[in-house]
Structure formats: structure tokens, C-alpha cells
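So you can see what is in the structure, the chains are spelled out below.
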Amino acid sequence: MKTIVRFWKSAVWMVLMISQPLFAQRVDEQRMQRDIAVAENVLSTLIKQQFDQQRMFFPLEVTANYQPGYGVTFYLPADFTTPINFAIGADGFGSNNVMIWSGQEPADLPEPPEPSVYINSSGDNREENDRARAERDRERSVNTIKLASKSKKGKKVDMDSVRDAYNLKVIEAAKMFLVDYGDMITQLQPEEKIIVANQGDQPHVWVNQYFNSPQRTHLSVELIKSDLIAYKQGKLNHDQVMAKVKVVNTESMEAVEPDFELLSSIFNRLYRADLSKTYFMEDNIYYERLKDYGVVYYLRMYSGVEIDYQRYAMPTLGLEDIDLATRNKKVAELYPTFEKEMKENILDYGRTLKSLKDNEQLVFQIQLTRCAGCGIPTTLECTVKGSVLKEFNAGKLDKNAALSKISVKKGAKQ
């Protein structure tokens, strides 16, 4: 009897010990959102201050989201450090991207005409709206790029040097933000991160296709909360904590290995409506080979087609005439399966990337179907190292162990 009592006491003690970290990590969502909103404003201000001697046209919209167990990611607008955006001003029409004129007068660019794309205004969560917006953005980008090909005095801008100088200023502002103001986000756990990246919204994938310019840049600056805590407690000095800040500053490469193209074609086929059992794609996948970083694939997912006013078809489920509430319910139900299958597909087919180096990364950045109030994330980012893919392919890692090494970042809930 005493043995049984001791057993149950030990069991209860173990449960309490395990439960304490879980209770400690409960987050006050309202407080977290308030902290993030203030921090977004601080980061935006610090970046603006780096360019106080130049003409800038704002707003600069910084967005952020918190993912438990991972941390907070602050996103600059997509392609924020692409030279077209900060030297000539592409995508400045009807968007929140920043336009910076580096010591030159902007060209006299006329307002680009509205593309003839129908936007259904009867609901924000319509799949047709997504397709129409994508086409509208593409036409605007192409139109703006053509208009921006000449400056006011016909002078050619050295895009490479402008971009490099600009990136250094953004990195400086991001590092200052992380070290001096990162503790404003009070509820982060020591193992969680604070990240500043220029991968917000969706990439304007037509930039490199229509404009003979330097390549897109991939920028990421991050700090682990435990290093920030050590600095605030005096265990690290300023130089030491700055050395802890991880910076990725790379550019896309023109030369592309055939296996990257092959993986693109595989996912293009996997997620067509006739094969997929969850969400599907209609657009082709865009991908970038990034120097000393890896490869990033960009996907846009849909869940259905609007066939009439608030009547939908969901081809992957064989549903042809459902109302909005049913459509949204199905979208929410499909998400866990979609995420699970996406990770499995990345693992199973990603191992075909023979030219991906061990220390490089395979990244899938996914724009998810719109579904207001469904609780699914707006975006999903899955990342795995080349070494994991090779070890899995060689049988050195079983599937569950390899899946656990895929990093997942989710955007804000819809």
C-alpha cells in the first residue's frame, strides 16, 4: 500500500512539474497584440530615421505576428529592398511600399491605367478576388517597370550600389531595434526569437522577369530572447549582444540548377485541383535560388470558386453548390490535413534537390486561401535544411524524425 501511495505521489509531482512551464507560457493575447503594435511603430520609425537626409514617401507598413514556441516576426513590405522599389518607385501606385529617391529627382511617371480585371466587392474572402488582385498587381508591376525605365534626365541608376547601401541601413535599424527595444515584447519566452524580414505579404514575382535589374534580396535579422535577457542583465556587453544578432543578407541568383526546376514542376502538379484533396493552385510556382542561403518557393493556395452570389464550388472535395458558411467550415476543417501533407511532400520530394548544400535551406512560403473568421493562418512558411533531406534520403533519419526538423512559421490568424 505504501508503495502505491509513493507511486501516486511521484506521478502527481511529475504532472505538476511538467505542467508548470505550460502554465508559465500562457500568453495574454490582448497584451501581446498591444506590445506588437507598439513595436511595429518603433521599427518603422527607426528605419525612417536611417534616411533622414533623403526624400522618402511613406507610409512604411510594418506588420508582425507571434507564433508560440517560435517568436515574433516583423515583416517589411514584400520586395522592400528590391532596387526598383527604393530607387525608382515601382509598386508605388496604390500600395504601401516605400519609395526612396537617392539624390535624384523622380521620373515624371503618369498614373498607370487601371487594368481591365473585375474585382467582386461583395466579400473580402472571395477566391475570385484573390485571382483578380493577383492579375491586377502583375499588370501594375509590369506597367510601372516600363514607365520607370528612364529617369527624368535620362541618367542611369547604379542599382547594385544603391541596394547594397540601402540594405546596410535597414540592417542597422533592425539590429538597433532588436537590442534596444526587443524587450518591449514582454511575454516572449527565453527560447523564442525576434525577427525582422523583408518577406512580407507576397513577393512581386514579375520584377525579375520584366526588368533587367539586379536580383531580389532576401533579408533577415534575428535575435534569441535569451541573449537579449543576458544583455539586459549585464551578462553581455553591447558588442557581445550585437555579435549574437544573426543577419542574412543575400540575393537571388540567375543560374538555376535543373533539380530546382524539377521540384517546381512536381509541386505544380501535386496541387492542381484534380490531384489535391485539400487546397489547390491555379498559378505556377515562382522560386528563387538565393546565394549562400538556399531556395525559396512561393505558392498561392485556393480552396474554391465562386459560381454565384455567395455560392461556391470546391473542386478538391467534389462540392459544386454550397453556401459561404459551409465553404468556410470546410476550409477550416481542411487546414490541418493541408499542413501535414505539405510537410510530408516537402520531405518526400525535396530530397530530389541534389544540388542543395548541407547548410542551405529549402523554404516554402505559402499564401493561404482567404477565409475570414476561419481561424486558419494567412500564410504558412516551411523550412528544412539540405542536410536533413540528405540524411532522410540515405535512411539515416526516419520520417518522423525528419518531419520534426521542418521549421513551421504561421502568419496571423484569419
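Located above this text is the structure these notes cover.
Quick look at the structure, then. Bear in mind that the values here come from a model prediction, so they are computed numbers and not experimental data.

1. Focus: the overall build of the protein chain
And then number 1: Of the regular secondary structure elements, the protein chain holds 12 helices and 15 strands.
And then number 2: Within the protein chain, buried positions represent 51% of all 414 residues.

2. Some words on the environment of aspartate 308
And then number 1: In this structure, aspartate 308 sits in strand β10 (residues 305-308).
And then number 2: Classification of aspartate 308 as exposed rests on a relative accessible area of 51%.
And then number 3: Between the alpha carbons of aspartate 308 and aspartate 321 there is a distance of 9.0 Å; along the sequence they are 13 residues apart.

3. Notes on the sheet that holds strand β6 (residues 217-224)
And then number 1: Pairing in this open sheet of 5 strands is mixed, and the strands run β2-β3-β5-β6-β7 from one edge to the other. The sheet is open, and its two edges are formed by β2 (63-67) and β7 (246-251), each paired on a single side. Averaged over neighbouring strand pairs, the angle between their axes works out to 15 degrees when direction is ignored.
And then number 2: Pairing analysis gives 6 bridges linking β6 to β7, with the strands arranged antiparallel. Bridge assignment links serine 220 to a residue of β7, and that residue is valine 248.
And then number 3: Sheet strands in contact with helix α2 (residues 29-49) are β2, β3 (71-75) and β5 (193-197), and its direction is about 140 degrees off that of β2.

4. Some thoughts on the sheet that holds β10
And then number 1: Strand order in the open sheet formed by 3 strands is β10-β11-β12, with antiparallel pairing between adjacent strands. Of all strands in the sheet, those bounded by a partner on one side alone are β10 and β12 (319-323). Along the sheet, successive strands turn relative to each other by an average axial angle of 40 degrees, direction set aside.
And then number 2: Packing against the sheet, helix α10 (residues 324-350) makes contact with β11 (311-314) and β12, and its axis sits at approximately 115 degrees to β12.

5. Some thoughts on unusual backbone geometry
And then number 1: Within the chain, aspartate 292 stands out as a residue other than glycine whose phi angle is a positive 60 degrees.
And then number 2: With respect to the helices and strands, aspartate 292 occurs in the loop between β8 (286-290) and β9 (294-300).
And then number 3: Classification of aspartate 292 as exposed rests on a relative accessible area of 66%.
And then number 4: Within the chain, glutamine 310 stands out as a residue other than glycine whose phi angle is a positive 55 degrees.
And then number 5: If you trace the backbone, glutamine 310 turns up in the loop between β10 and β11.
And then number 6: Take glutamine 310: its relative accessible area is 29%, and that puts it in the partly exposed class.

6. Points about the side chain of aspartate 227
And then number 1: Along the chain, aspartate 227 turns up in helix α7 (residues 225-232).
And then number 2: Buried within the structure, aspartate 227 lacks any salt-bridge partner; its nearest side chain of opposite charge belongs to lysine 244, at an N-O separation of 4.4 Å.
And then number 3: Those residues in contact with aspartate 227, other than ones at most four positions away along the chain, are Leu236, Val241 and Lys244.

7. Topic: the state of the cysteines
And then number 1: Counted by the stated rule, this structure contains 1 disulfide.
And then number 2: Covalent S-S linkage joins cysteine 371 and cysteine 374, the inter-sulfur distance amounting to 1.7 Å. Classification of the bridge connecting cysteine 371 and cysteine 374 rests on its S-S torsion, roughly -40 degrees, and on that basis the disulfide is left-handed.
And then number 3: For cysteine 374, a relative accessible area of 17% puts it in the buried group.

8. Section: the packing of helix α9 (residues 258-270) against α10
And then number 1: Closest axis-to-axis distance for the α9/α10 pair is 11 Å, and the angle between their directions is 145 degrees. Note on packing geometry: the crossing formed by α9 with α10 is right-handed. On α10, the residues touching Leu263, Ile266, Phe267 and Leu270 of α9 are Met342, Asn345, Ile346, Tyr349 and Gly350.
And then number 2: Each residue belonging to the contact of α9 with α10 can be placed in one class, and the counts come to 7 nonpolar, 2 polar and no charged.

9. Let's talk about α2
And then number 1: A rise of 1.5 Å per residue sets the reference length of α2, with its 21 residues, at 30 Å; its end C-alpha atoms lie 30 Å apart and thus fit the reference within 8%.
And then number 2: Met32, Asp35, Ile36, Ala39, Glu40, Val42, Leu43, Ser44, Leu46 and Ile47 are the residues of α2 that are buried.
And then number 3: Of the residues that open α2, the one with a side-chain oxygen 3.2 Å from the backbone nitrogen of glutamine 30 is aspartate 28.

10. Let's talk about the nonpolar core
And then number 1: Grouped together as the largest cluster of nonpolar side chains are 43 residues, with contacts concentrated most on Tyr297, Phe338, Met342, Leu362 and Phe364.
And then number 2: Mapped by element, the contributors of at least two residues to this core are α9, β9, β11, α10, β13 (361-367), β14 (379-385), α11 (386-393) and α12 (399-404).
And then number 3: The element that contributes the greatest number of residues to this core is α10, accounting for 8 residues.
And then number 4: Counting 37 residues, the second-largest nonpolar core is a separate cluster that includes Ile47, Ala64, Phe177 and Ile185.

11. Concerning the packing of aromatic side chains
The description of an aromatic ring pair uses the distance of the two centres, along with the angle that the planes make with each other.
And then number 1: Enumeration according to the criterion identifies 10 aromatic pairs in this entry.
And then number 2: Ring plane angle 80 degrees and centroid distance 5.1 Å describe the contact between phenylalanine 74 and phenylalanine 177, whose orientation is recorded as edge-to-face. Of this pair, phenylalanine 74 sits in strand β3 while phenylalanine 177 sits in helix α5 (residues 159-181); the two residues are 103 residues apart in sequence, bridging distant segments of the chain. Residue phenylalanine 74 shares its accessibility class with phenylalanine 177, and that shared class is buried.
And then number 3: By way of ring pairs, the aromatic residues Phe267, Tyr271, Tyr279, Tyr287, Tyr297, Phe338, Tyr349 and Phe364 are connected into one cluster.
And then number 4: Taking the ring centre of tyrosine 312 as reference, the NZ or CZ of arginine 327 above it sits at 5.7 Å.

What counts and how
Residues numbered from 1 in each chain as written. Predicted model: local features only at pLDDT ≥ 70, side-chain atom pairs only at ≥ 80, totals over all residues. Heavy atoms only, no water. Helix = DSSP H or I, 4+ residues; strand = E, 2+ residues; numbered from the N terminus. Buried < 20%, exposed > 50% of the residue type's maximum accessible area, 1.4 Å probe, protein only. Pairing = 2+ DSSP bridges. Axes fitted to C-alpha atoms, helices over the stretch in contact; angles between N-to-C directions. Contact = heavy atoms within 4.5 Å. Lys, Arg positive; Asp, Glu negative; His and termini not counted. Salt bridge = Lys/Arg side-chain N within 4 Å of Asp/Glu carboxyl O. Disulfide = S-S within 2.5 Å. Left-handed = near helix turned anticlockwise from the far one by under 90°. Nonpolar A, V, L, I, M, F, W, Y, C, P; charged D, E, K, R; others polar. Expected span 1.5 Å × (residues − 1). Polar contact = N/O pair within 3.5 Å; in protein donor to acceptor, adjacent residues only side chain to side chain. Core = buried A, V, L, I, M, F, W, Y, C linked by side-chain atoms within 4.5 Å. Phe/Tyr/Trp six-rings, centres within 6.5 Å; stacked < 30°, edge-to-face > 60°. Lys NZ or Arg CZ within 6 Å of the ring centre and 35° of its normal.

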